[in-house]
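Structural features, examined
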Amino acid sequence: MTEVDTPRGAPIQRDVVRVWGPDALTFLQGQLSQDVDALGVHTSSWTFVLQPQGKVDAWARITRTAADEVLLDIDDGWGQALHDRLKRFLIRTKAELEVLDWPAVAVRGVGAPRDDVPDGVLRLAPPGGTVTGYDLLGPGAELPAEVEPMTAAQLRAHDVEHGVPAMGRELTESTIPAEIGDWIVDESVSFTKGCFVGQELTARIDSRGGNVPRHLRAIVLEAPVEEGTPVECDGPAATVTTAAVSDRHGPIALAFLGRAVLEGAAVTVGGVPGVVHVLPIS
């Protein structure tokens, strides 16, 4: 697909959970799907926090900021839940957790400027296997002057085009990581690190080629629809998890559709005709 030609950006809301202490990395190695020990200082990746049954409690970006400290940033409104989920397992462990209130901005597009950033601000890889640009996170984070502003709705539409899931919408306690797509498993799960909570189901599905009953798909529509609108198609019942209006594709939506619903299939969403696309939308 064609990426954003002119770099654009917008403020975003990200909750941050700081984890530090002598046992911090050992503790997180058993809780997160990502290989925490393999992260170098000042590097980041993506990770799931899973239930023992392999379903999603959280999806966050993990950044190692020191030998015994990491930051986990997650969608707005989910930081406290992530903090509380981790703390439940923090038994006889020399590690501390706190939720931080930091500003953040998203910069998207080919050739996004990479000027120096203030001390304490992190420049981080964006979510999504095909997204270009970066996020800035930390006290003093602000949109670079040479970047064209875009609205929060435009940014979310860009993320929808690339299949980037949102906590509470595509990522819920009923979601299995493989349902989102291969890219999110590749970016967020280590199959060589050893045991972590939820590993068994995740590894079993991966060994079977990621074969799950439903997959996250995009629907390009003839008119806008609302989130929660039923999708009429072959296979299990589905509803729209996210709806947006794209500058490139017009009205679009995300929904979990049965694996029998293929690219190019015609569906109806609340009476509005639409066409199914594999993510990212080409």
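Notes on the structure in this doc start here. (Residues numbered from 1 in each chain as written. Predicted model: local features only at pLDDT ≥ 70, side-chain atom pairs only at ≥ 80, totals over all residues. Heavy atoms only, no water.)

**Some details on helix α2 (residues 79-88)**
For the record, the criterion: Burial classification: accessible surface area is computed with a 1.4 Å probe over protein chains only, and a residue below 20% of its type maximum counts as buried, one above 50% as exposed, and the rest as partly exposed. Helix and strand labels come from DSSP, where a helix needs a run of H or I of at least four residues and a strand needs a run of E of at least two; each type is numbered from the N terminus. Note: the arc covers the axis-to-C-beta directions of the helix. Note on definitions: a residue-residue contact is assigned when non-hydrogen atoms from the two residues lie within 4.5 Å.
Taken residue by residue, α2 has G79, L82, H83, R85 and L86 as its buried positions. Burial along α2 is one-sided: seen end-on, the buried residues are contained in an arc of 165°. Considering only its buried residues, α2 is in contact with β2 (14-20), α1 (24-31), β3 (43-50), β4 (56-66), β5 (69-75) and β6 (96-100).

**Quick look at the pairing of strand β9 (residues 133-137)**
What counts here: Pairing between two strands is assigned when DSSP locates at least 2 bridges connecting them.
Of all the five residues making up β9, five are buried; the element is thus mostly covered by neighbouring parts of the structure. Relative to β9, strand β7 (residues 104-108) runs antiparallel, the two sharing five bridges. Looking at the pairing, A106 lines up with D135 of β9. Pairing analysis gives three bridges linking strand β8 (residues 122-124) to β9, with the strands arranged antiparallel.

**A look at the sheet that holds β6**
To keep things clear, this is the line we draw: Note on geometry: axes are lines fitted to C-alpha atoms, helical ones only across the stretch in contact, with angles between N-to-C directions running from 0 to 180 degrees.
Read from one edge to the other, the open sheet built from five strands follows the order β3-β4-β5-β2-β6, with strand pairing classed as antiparallel. Each edge of the sheet is formed by a strand with only one pairing partner; in this case those strands are β3 and β6. Neighbouring strand axes in the sheet, compared pairwise and without regard to direction, differ in orientation by 30° on average. With eight bridges joining them, β3 and β4 adopt antiparallel strand pairing. Within the sheet, the bridge partner assigned to T47 lies in β4 and is A60. Contacts from α2 reach β2, β3, β4, β5 and β6, with the element oriented near 175° to β6.

**A look at the layout of surface pockets**
Put simply, the test is: Definitions used throughout: a 1 Å grid over protein atoms alone; a cavity as a set of points that fits a 1.4 Å probe which cannot get out; a pocket as an open set with protein on both sides within 12 Å along at least five of seven lines; a lining residue as one with an atom within 4 Å of a point. Grid points are joined across faces, edges and corners, and a volume is the space filled by probe spheres set on the points. Lys, Arg, Asp and Glu make up the charged group, whereas Ala, Val, Leu, Ile, Met, Phe, Trp, Tyr, Cys and Pro make up the nonpolar group; the residues left over, Gly among them, are polar.
Roughly 550 Å³ of volume is contained in the largest pocket. If you go around the largest pocket, you meet 24 residues; those closest to its centre are I12, Q13, D75, R156 and D159. Listed by contribution, the elements that provide at least two residues to the lining of the largest pocket are β1 (8-12), β4, β7 and α3 (152-161). If you tally residues by element for the lining of the largest pocket, the top one is α3, at five residues. Residue composition of the lining of the largest pocket, by class: 14 nonpolar, one polar and nine charged. Volume-wise, the second largest pocket comes out at about 190 Å³. Taken together, 17 residues form the lining of the second largest pocket, with I180, G181, D182, W183 and L279 sitting closest to its centre. When contributions to the lining of the second largest pocket are tallied by element, the ones reaching two or more residues are α4 (177-180), α5 (182-188) and β11 (214-221). Grouping the constituent residues of the lining of the second largest pocket by class yields six nonpolar, eight polar and three charged.

**Notes on the nonpolar core**
The line we're drawing: Put simply, a nonpolar core is a bunch of buried Ala, Val, Leu, Ile, Met, Phe, Trp, Tyr and Cys residues held in one set by side-chain atoms that sit within 4.5 Å of each other.
One finds W59, L72, L82 and L86 to be the most contacted residues of the largest nonpolar core, which totals 47 residues. Residue contributions to this core peak at five residues, all from β4. In this structure L82 touches V17, V49, A58, A60, L72 and I74, once residues within four positions along its chain are discounted. Within the second largest apolar cluster, 14 residues are counted, among which are I219, A253, L257 and V267.

**With respect to the packing of aromatic side chains**
How we decide: Aromatic pairing here means that ring centres of Phe, Tyr or Trp (its six-membered ring) are within 6.5 Å. Orientation follows from the plane angle: under 30 degrees is stacked, over 60 is edge-to-face, and everything else is tilted. For a Lys NZ or an Arg CZ to count as sitting over a ring, it must be within 6 Å of the ring centre and within 35 degrees of the ring normal.
All told, the structure shown has two aromatic pairs when counted by the stated rule. Residues W46 and W59 carry aromatic rings whose centres are separated by 4.6 Å and whose planes lie at 25° to one another, so their mutual orientation is stacked. Within this pair, whereas W46 is found in strand β3, its partner W59 is found in strand β4, the two being separated by 13 residues in sequence. Just as W46 is buried, W59 falls in that class too. By way of ring pairs, the aromatic residues W46, W59 and W183 are connected into one cluster. Lying across the ring of W20, R18 places its NZ or CZ 3.8 Å from the centre. When the ring centre of F256 is taken as origin, the NZ or CZ atom of R214, which lies over that ring, is 4.0 Å away.

**As for the pairing of strand β16 (residues 272-277)**
The pairing of β11 with β16 spans four bridges and is antiparallel. Its bridge partner lying in β16, V220 is registered against V275. Between the antiparallel neighbours strand β15 (residues 266-269) and β16 lie two residues, among them G270 with a positive phi of about 55°.

**Focus: the sheet that holds β15**
Taken together, six strands build a closed barrel; the order of strands is β11-β14-β13-β12-β15-β16 and the barrel is antiparallel. The sheet shows a mean angle of 45° between the axes of neighbouring strands, taken without regard to direction. Examined bridge by bridge, strand β12 (residues 230-232) and β15 share two bridges and lie antiparallel to one another. The residue bridging E232 from the neighbouring strand is T268, located in β15. Sitting on the sheet, α3 is in contact with β13 (238-246) and β14 (250-258), with an inclination near 125° to β13.

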